[in-house]
Structures are given as structure tokens and as C-alpha cells.
Amino acid sequence: MRHSGEEKMKKLIGVLGIVATAVLLTSCGGGNPFSQVHTSSDPAATAEGRAIDGYLSGATVCLDKDEDGVCGDSDPQATTKSDGTYTFETTKGDLDTYRVVVAVIAGKTIDMDEPDTVLTEAYTLTAPPGQYKNITPITTQVVAKIVENGGTFGDAADLATAISGVKEDLGFSDDMDITGDYVAKKATDSRYQEMHNVAGAVADVLKLVEQDKGEDGGNFLKRLRSAGDNIKTFVKDNVGEIK
């Protein structure tokens, strides 16, 4: 369980309330960064990974082939197990091209930080294409940073720049792995307990962003830009208290 996470979130509720309106209204310009390069004869591939805020049980995980941020019927998908793990079949080209998305479902998904409580608010997590081993609030911020920077998904330099920027925004040292499993890593490195706390704060903002989705899924790029702007402002300005 996050160390003193609930108390810290209560202290920050006033700040979170202030940014709620901005989360729902803010968007920036820029082009579409999604890569479209793949072939029709791709070999089969298995996607295996884990959905994490704490470990998320009962979430829907999919390969977002239509790039709308929603797990549609035609997207390869699975439901996470009690340890947050998932497996689904797809092709290597598609797995390298498209992002994996985690849909946290209100009334169904359980964050195993609190295994007796079903989550009451929906939100969406994602990660850059090919980076599907761990899908977390932090990897979602990496995606938002690529969008903010005007980068291209699938470009290694743009990914590295985004990771560096998120580390700076959220107060993580250069040697920390922000795309990994911080729940497991915190057992041997207390800095990852702090990352877990920060991830929880990022998830709280993502819940507000989800309210702007609408019945048709909304504009996912717009919501990513809004998330990036507001996560950076909210978390960066309060990161010491969150940690």
C-alpha cells in the first residue's frame, strides 16, 4: 500500500479541485505523432505485461489499433489477473506500431493496494508503442510528454527525450527506471515507494481527464495534452508533499 498515500491525497484535494476545470478544458496544438508503418504479413506475437497503479485486477487491456484511446471490439485485448498481468495475441508489427491501453473500469477493477475495494472511477493508462511490459500512470505521462514535445512514437530519440523530461518534471533521479514495475522495485529501493506515491497522484489527475472523454471516446490526443499539462503542474508543484 502506498505509504501515507490517503493522508497526502486528502491534503492535496484543494489543489486537485483547482486544477479540475483546467484538466477538462486545456488542450494544445500539434500534429499526430502516431506511427503508421507496419506490414500486412507480420509474424504472430504475444503481448505480455502488467497494468499498474498498484497492481490492477479486472482492467481491460488492448492494443489500440484505431488509436482512439478506447478498447474497441476489434482491438486485441485481455482482462488483467489479480497480479495485474495480461496476455493477448497480435502481430509483431502491430505491437511495435500501436500503443497498449489499459481501461480501468469503475465498479469492476480493483487496485491491489486495497484489495477489498472496487474502484469507483474510470481512467485510462497507456505507454509508448513497444513499451508494453508495464503500463502505469508514469508511462502514460511519458506518452503525454512525446505529444507535448511534438515527437513521433517509435522514434528512440524522442522516447529518450520524453523519459528525461518526465524525470525532471516529477523529481526522479537520472538512474531511476520510470518505465518499470515500481511496486516490485520498492522492496529493495525506497525511492520507488516515492514513485508509487507520485503515480497515485498522476492517476488522480487521469481520473479527471477521463471525465472529458464523452460517449464517443473523445479526442485522445487532446486528452493526452491536457493530462500532460496538468499532471506536470499539479504533481511538480506538490511533489515533495506527494512523496
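Draft legend 1. Molecular detail of the packing of aromatic side chains. According to the stated counting rule, one finds one aromatic pair in the structure shown. Taking 5.7 Å as the distance between ring centres and 20 degrees as the angle between the ring planes, the aromatic pair formed by Tyr86 and Phe88 counts as stacked. Each member of the pair, Tyr86 together with Phe88, is buried. In this arrangement the basic side chain of Arg50 is found over the ring face of Tyr55, its NZ or CZ atom lying 4.5 Å from the centre. The ring of Tyr192 has Lys185 lying over it, and the distance from NZ or CZ to the ring centre is 5.7 Å.

Draft legend 2. Fine view of the state of the cysteines. This structure, assessed with the given rule, holds one disulfide. Between the sulfur atoms of Cys62 and its disulfide mate Cys71 the distance is 2.3 Å. Torsion about the S-S bond of the Cys62 and Cys71 cystine: about -85 degrees, corresponding to left-handed handedness. A relative accessible area of 19% means that Cys71 is categorised as buried.

Draft legend 3. Region of interest: the side chain of Thr140. Note that Thr140 resides in helix H4 (residues 137-149). Owing to a relative accessible area of 3%, Thr140 belongs among the buried residues under this scheme. Those residues in contact with Thr140, other than ones at most four positions away along the chain, are Thr124, Leu125, Thr126 and Leu206.

Draft legend 4. Quick peek at the environment of Leu221. By the secondary structure assignment, Leu221 is in helix H8 (residues 220-242). Look at Leu221 and you get buried, because its relative accessible area is 13%.

Draft legend 5. Broad picture of the nonpolar core. Counting residues in hydrophobic clusters, the biggest one holds 52 residues, and the most contacted among them are Val100 and Ile138. Top element by residues in this core is helix H7 (residues 191-210). It accounts for nine residues. Apart from the residues within four sequence positions on either side, Ile138 is in contact with Val166, Leu170, Phe172, Ile178, Tyr182, Met195, Val198, Ala199 and Val202.

Draft legend 6. Layout of the pairing of strand E8 (residues 123-126). Burial along E8 is two-sided: the face carrying Tyr123 and Leu125 and the face carrying Thr124 and Thr126 are both buried. In the sheet, strand E6 (residues 100-104) pairs with E8 via four bridges, with the strands oriented antiparallel. Looking across to E8, one finds that Val104 is bridged to Tyr123.

Draft legend 7. Region of the structure containing the sheet that holds strand E9 (residues 134-135). The three strands are arranged E5-E1-E9 in an open sheet whose pairing can be described as mixed. Across the chains shown, the open sheet's two edge strands, defined by having one partner strand only, are strand E5 (85-91) and E9. Two elements, strand E1 (residues 44-51) and E9, share two bridges in a ladder whose sense is parallel. Bridge pairing in E9 links Arg50 to Asn134.

Draft legend 8. View of the environment of Pro137. Here Pro137 is to be found in helix H4. Along the primary structure Pro137 and Tyr123 are separated by 14 residues, whereas in three dimensions their C-alpha atoms are 9.9 Å apart. Dropping the residues within four chain positions of it, Pro137 is found in contact with Ile52, Asp53, Leu125, Tyr182, Ala199, Val202, Ala203 and Leu206.

Cut-offs applied
Residues numbered from 1 in each chain as written. Predicted model: local features only at pLDDT ≥ 70, side-chain atom pairs only at ≥ 80, totals over all residues. Heavy atoms only, no water. Phe/Tyr/Trp six-rings, centres within 6.5 Å; stacked < 30°, edge-to-face > 60°. Buried < 20%, exposed > 50% of the residue type's maximum accessible area, 1.4 Å probe, protein only. Lys NZ or Arg CZ within 6 Å of the ring centre and 35° of its normal. Disulfide = S-S within 2.5 Å. Helix = DSSP H or I, 4+ residues; strand = E, 2+ residues; numbered from the N terminus. Contact = heavy atoms within 4.5 Å. Core = buried A, V, L, I, M, F, W, Y, C linked by side-chain atoms within 4.5 Å. Pairing = 2+ DSSP bridges.

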